[in-house]
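# Descriptive analysis of the structure
Here are the chains, one letter per residue:
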Amino acid sequence: MSANISGAEKKRSKLSLFTILKAMTVIEVPLMMLPGIFVSVAVFGKLHFGWAHFGRGILALFIVALFASVLGYLAVRYDVRSKEPDFSKGKAMILKVSCYAVSPLVSLPLVLLLWPIRTDVGLYGYLAPWIPAFLTLEVCWVFTVQAIPGSYTASYSTQDFIRCSMLYLVPIAVIELLRALVPDTSYNVVPMALAFSLYTIIGAIVVNQQNIDLMMERRRHDKSSLPGKIRVYNLLLICGLLVLVFSGLLVGEQLGTVLVWVLKRLGLSLVYLIAFIFWLMSLGQNGDSGGGAGGGGGGDDFSGLAQGAKENPFWNILLVVIFAFVVYMLFIHRRRIWEAFSGWFIKIATKLYHFFLDCFKIQELGSAEGYYTEEAEDLTREERFAPINGFKNKREMKRALKQWQKTSDPEKRVRDGYRLLMMASRTQEKNILNSDTTGEILEKNRQSSLETAFMQANPIYDRVRYDDTLPDAAELSGFAAKVEESCLAVDIKKKK
Amino acid sequence: MPILVIVFLMAVMLYAQGLLFQKKSFEHFEYRCNFSRPEAFEGDEVELVEQVFNRKWLPLPWFKTEITTSKWLDFAGSQSVVTYNSRFVPSFFLMKSFQKVTRRWKVKCLKRGIFDIERVILVSTDLLGQKTMTQNADVKAQIAVLPQTIDLDSSFVSARYLQGDHPVKNQLIPDPFYVSGVREYRPGDPMKNIHWNATAKLSRIMIRNMEYTTRQNITVVLNLQSRPFEQGEAIDAPQMEHCIRVAATLLERTLEESTPVSLGINSNINNIDKETTETNQNFGREHVLSLMRLMAALPQGSTQDFLVYLREKGESFSTTDIQIVTAYLNEEMFDFARRCAMDDKRVTFFYVGIPTIELPDDCEIYVLRQPRGQSLVDTEGEEAAR
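Residues numbered from 1 in each chain as written. Chains lettered and ligands numbered in written order. Predicted model: local features only at pLDDT ≥ 70, side-chain atom pairs only at ≥ 80, totals over all residues. Heavy atoms only, no water.

A few words now on the overall build of chain B. When helices and strands are counted, chain B shows 8 helices and 23 strands. Across the 386 residues that make up chain B, the buried fraction comes to 51%. A sequence separation of at least 24 residues applies to 71% of the contacts in chain B between residues at least 6 apart. Surface accessibility of chain B: about 19300 Å² in total, with carbon and sulfur atoms responsible for 50%. (Helix = DSSP H or I, 4+ residues; strand = E, 2+ residues; numbered from the N terminus. Buried < 20%, exposed > 50% of the residue type's maximum accessible area, 1.4 Å probe, protein only. Contact = heavy atoms within 4.5 Å. Areas by Shrake-Rupley, 256 points an atom, 1.4 Å probe, with all protein chains shown as cover.)

Put into structure tokens, the structure is as follows:
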């Protein structure tokens, strides 16, 4: 009993992905409004912007958004209930109107508290910067209330995502311009970069999930037929992409430095190598004269390049050798290294995937209702390569035949000829697998034009393939003639 | 200018991922779709197997197939959309890198016919839905749904209710290969039939008892006109389907005795006007199955008036029995039966309809038994498809 209860509680505690997405679209509203605060402070605050301004702005916006969303949610609830026959519609209407009417009661005190009026600077102090901040908060309030009803797909779109990205970009461009024109500016761009990053991450996740929903809505499919794990999988993919971008930003500079260092070392290695070769050459020409500087014209040309090597040639040569050895080892073990890393990566991704799957309520209607059963398996090494197809057209077949005719090695001629027969069979839409035995191939070609060809070719091929016995000249020419005749007789239909 | 770097990098990444998915989504990608078996009977459940191979590192955010097939193949329940004669089923997949997904849909064959997967469209997209890629899949999945057989004994009743005496045909010479047992010798019995072992055992002359047999062969004639003078597509399609089921049952019954059977239909699989179908006579499961396949491919209607068909082809039916399955009866058909009776051919009518005319006593007619409250024909399939 207790186990049942705990199980039920566990189930209930799972989050609905849609609720989270809806919350994300609401959070996007204050983030969209942040450039408004940014502009007002930058323009009216004498081009000074730092963490304090950013903190104030984001605090005010989120407080306003919180109040607006609570009121908006209540209005939506009452709006739904107003459709019930015994419910007074007046209440819902009052709440709807008050949703917008009470906004100054929250935003005005906030603005006055966070951006106090400065009387010491005259009219400018009265106006700036609280008026634009107040207006921004009012707009944020209205947009938040409007974002509350409906599904998350209705309140946010890809266009909104692009448009609001521009809201960030335009003021930044203006500020940059002003900064170039007015030297007395202290402008910290990092907070804005942080806000923009947050906005982009949330926006990308929402747009990614919307992609699935909008496709379903456009084609009028029942959303319940969508496997729930597709959502989580997409979430993981987009998060992976974002992690890649932001980690690239974070360690990009260091990575660049490393890359430059590696390139420089490689260049230097080349120089050392050339210098070393010339030194060896000059050693042979000038007996014990030593060095390369006194050599021929070539030595003079590379004397500059070899300057570094001259200082400590043994150490540099050792470095080059070690470096080359490391590169060589990495190259020859590349597959093993890649497998180790990819295995490690897959393990982490799988764990994350299952973690997310456990976090959210997942609906698997198609399989749950017994419409279908599904089986997913990783492809084996052999399956990773597509099976050999038939000839696409007569030209391709003739070219392959011509190339095969040039083969003189009898073993290769038999094996390649048999491959051509298999391709001819596949052209006739026979399901020939790479794992099929010669007997199976013959069975699949019964009562077809290739039956006699396979009957003749199978024993020859089997002997060459498994018995290492080469056919005699007459047998080989008969085999070749049959292959040629069979391939040319195949009817190749042009694919549309 | 870190913000500009972020923006630039973001824009590049978003564009690049769209381009990547657009170029690579259907590369090293394979889609297969087929039925678990090529043939099934009406009402059977088969599997539609979708196999998707993603032979590359790039995973797909989602992958969808849009399957269009006949509405008479019932699957996917509420996920499917039925319009006129087509069923449209979207099927969503999650494709990781180097993965194979096999999905088996449970398909119920509602009606006989040759059905194929008419069209499959493969749809995929990038992570943000900027680009949607579609591709037509080359699918050659086909299934022949053979007509269902019914219980004739419980479905039909003789119009005469077996009242009165009926002449039974007897042969002059008994069949030497059909021994039903031994009996005591009677004067006149041929000596060659004496069963010597039994005679020694019982100390009486015992003789083999031979049965009289006749070589029976049947022509099943199917009338695909639901009304007299009807041309082309049948007005009462469900009734025609039932006629086909009755004909299929008659064909199947010949398997018990390995009776040679042929089939005649006033229609043809290619729906060519004035052309009819007459098959060769043969016996055995393979032959009956081939006739059922033929019936599976028949259109829902006639290509020739049934009376014209009887006039033109009736004389050529050289079998001992002619079994006519029809949705209506009239005097010309009875005349045909009488003419055949004169040639020692037995004509039996299987009448799939509500009797509206007086049925003659000299013709062998079986009428569909219609229990109270039960529909004349099985409309279960129609209901399910709807």
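Once that is clear, we can look at the packing of aromatic side chains. If you walk through the whole model with that rule in mind, you get 21 aromatic pairs over all chains. Each ring, one from Phe26 of chain B and one from Phe63 of chain B, has its centre 6.4 Å from the other, and the planes form 75 degrees; the classification is edge-to-face. Linking Phe26 of chain B in the loop between α1 (2-24) and β1 (29-35) with Phe63 of chain B in strand β4 (residues 60-70), this pair joins segments that are 37 residues apart in sequence. Since its relative accessible area comes to 0%, Phe63 of chain B is described here as buried. Ring centres of Phe334 of chain B and Phe349 of chain B lie 5.8 Å apart, and the angle between their planes is 90 degrees; on these two criteria the pair is classed as edge-to-face. One end of the pair, Phe334 of chain B, is in helix α7 (residues 331-342); the other, Phe349 of chain B, is in strand β22 (residues 346-351), with 15 residues separating them in the sequence. Considered together, Phe334 of chain B and Phe349 of chain B belong to a single accessibility category, that of buried residues. Within the aromatic cluster, the residues linked to one another by ring pairs are Phe161, Tyr168, Phe196 and Tyr199 of chain A. Sitting over the face of the ring of Phe331 of chain A, Arg334 of chain A holds its NZ or CZ atom 4.5 Å from the ring centroid. Positioned above the aromatic ring of Phe93 of chain B is the side chain of Arg103 of chain B, whose terminal nitrogen or guanidinium carbon lies 4.2 Å from the ring centre. (Phe/Tyr/Trp six-rings, centres within 6.5 Å; stacked < 30°, edge-to-face > 60°. Lys NZ or Arg CZ within 6 Å of the ring centre and 35° of its normal.)

Residue and element names in this part refer to chain A. Under the 1.5 Å per step criterion, the end-to-end length of helix α20 (residues 451-466) is 22 Å for 16 residues, consistent within 8% with the ideal 22 Å. Taking the largest bend as the criterion, α20 deviates by roughly 35 degrees, centred on Ala457, and proline Pro459 comes between one and four positions later. Listed in full, the buried residues belonging to α20 are Glu451, Ala453, Phe454, Ala457, Asn458, Ile460, Tyr461 and Val464. (Expected span 1.5 Å × (residues − 1). Bend = angle between axes of the 7 residues up to and from the residue.)

All names here are of chain B. Spatial ordering of the open sheet is given by β13-β23-β22-β21-β16-β18-β19, a layout of 7 strands whose pairing is mixed. Whereas interior strands pair on both sides, the edge strands pair on one side only; in this sheet they are β13 (156-158) and β19 (277-278). Pairing geometry for β22 and strand β23 (residues 364-368), over 4 bridges, is parallel. Bridge pairing links Phe350 to Tyr366 in β23. Across the sheet, helix α5 (residues 285-296) touches β16 (218-222), β18 (261-265) and β19, and the angle it forms with β18 is around 10 degrees. (Pairing = 2+ DSSP bridges. Axes fitted to C-alpha atoms, helices over the stretch in contact; angles between N-to-C directions.)

A word on the pairing of strand β10 (residues 119-125) of chain B. Each regular strand displays side chains that alternate between the two surfaces of the sheet. Residue and element names in this part refer to chain B. Burial of β10 is extensive: 6 of the 7 residues sit out of reach of the surface. Where β4 meets β10, 6 bridges bridge the pair, whose relative direction is antiparallel. Bridge assignment links Ile67 to a residue of β10, and that residue is Val120. Across 6 bridges, the pairing between β10 and strand β11 (residues 132-137) is antiparallel. By the bridge assignment for β11, Val123 is matched with Thr134. In this structure, the hairpin formed by β10 and β11 is closed by a connection of 6 residues, where Gly129 is found at a positive phi of approximately 70 degrees.

Another aspect to go through is the pattern of salt bridges. Taken as a whole and assessed by the stated rule, the structure comprises 33 salt bridges over all chains. Between Asp416 of chain A and Arg419 of chain A there is a salt bridge, and its shortest N-O distance comes to 3.1 Å. Remark: Arg419 of chain A and Asp416 of chain A occur in helix α18 (residues 410-427); sequence separation between them is 3 residues, near one turn of the helix. With relative accessibility at 41%, the residue Arg419 of chain A sits in the partly exposed group. With its nearest N and O atoms 4.0 Å apart, the salt bridge here joins Lys111 of chain B to Glu241 of chain B. One end of the pair, Lys111 of chain B, is in the loop between β8 (99-109) and β9 (113-116); the other, Glu241 of chain B, is in helix α4 (residues 237-257), and 130 residues separate them in sequence. (Salt bridge = Lys/Arg side-chain N within 4 Å of Asp/Glu carboxyl O.)

Residues and elements named next belong to chain A. In a regular helix each residue adds 1.5 Å, so 29 residues correspond to 42 Å; helix α10 (residues 190-218) covers 40 Å between its end C-alpha atoms and thus fits that length. The principal kink in α10, of about 30 degrees, is found at Asn211. In terms of burial, α10 is largely enclosed, as 22 of its 29 residues are buried.

So, on to the packing of helix α3 (residues 51-81) of chain A against helix α5 (residues 103-114) of chain A. Residues and elements named next belong to chain A. Put simply, α3 and α5 touch, their axes get as near as 10 Å, and they point 165 degrees apart. As judged from the angle between their axes, α3 and α5 are roughly antiparallel. When the axes of α3 and α5 are compared, the crossing they make is right-handed. Along the contact surface, α3 presents Arg56, Leu59, Ala60, Ile63, Val64 and Phe67, while α5 presents Val106, Ser107, Leu110 and Leu114. Of the residues contributing to the contact of α3 with α5, the split by class is 8 nonpolar, 1 polar and 1 charged. (Parallel < 35°, antiparallel > 145°, perpendicular 65-115°, else oblique. Left-handed = near helix turned anticlockwise from the far one by under 90°. Nonpolar A, V, L, I, M, F, W, Y, C, P; charged D, E, K, R; others polar.)

Attention now moves to the interface of chain A and chain B. The interface of chain A with chain B comprises 56 residues on the first partner and 49 residues on the second. With both chains or domains summed, chain A and chain B bury close to 4800 Å², and 68% of this area falls on carbon and sulfur atoms. If you sort the residues of chain A by the area they bury against chain B, Tyr233, Tyr371 and Leu379 of chain A come out on top, with a joint share of 13%. On inspection of chain A and its partner chain B, the count reaches 2 salt bridges. Close ionic contact of Lys100 of chain B with Glu377 of chain A constitutes a salt bridge, the shortest N to O distance being 3.9 Å. For the interface between chain A and chain B, the tally reads 10 residue pairs in polar contact (both at pLDDT 80 or more). Broken down by secondary-structure element, the contributors of at least two residues to the side of chain A that touches chain B are α9 (158-181), α10, α11 (228-285), α15 (334-359), α16 (365-368) and β3 (372-378) of chain A. (Buried area = accessible area lost by both parts, 1.4 Å probe. Polar contact = N/O pair within 3.5 Å; in protein donor to acceptor, adjacent residues only side chain to side chain.)

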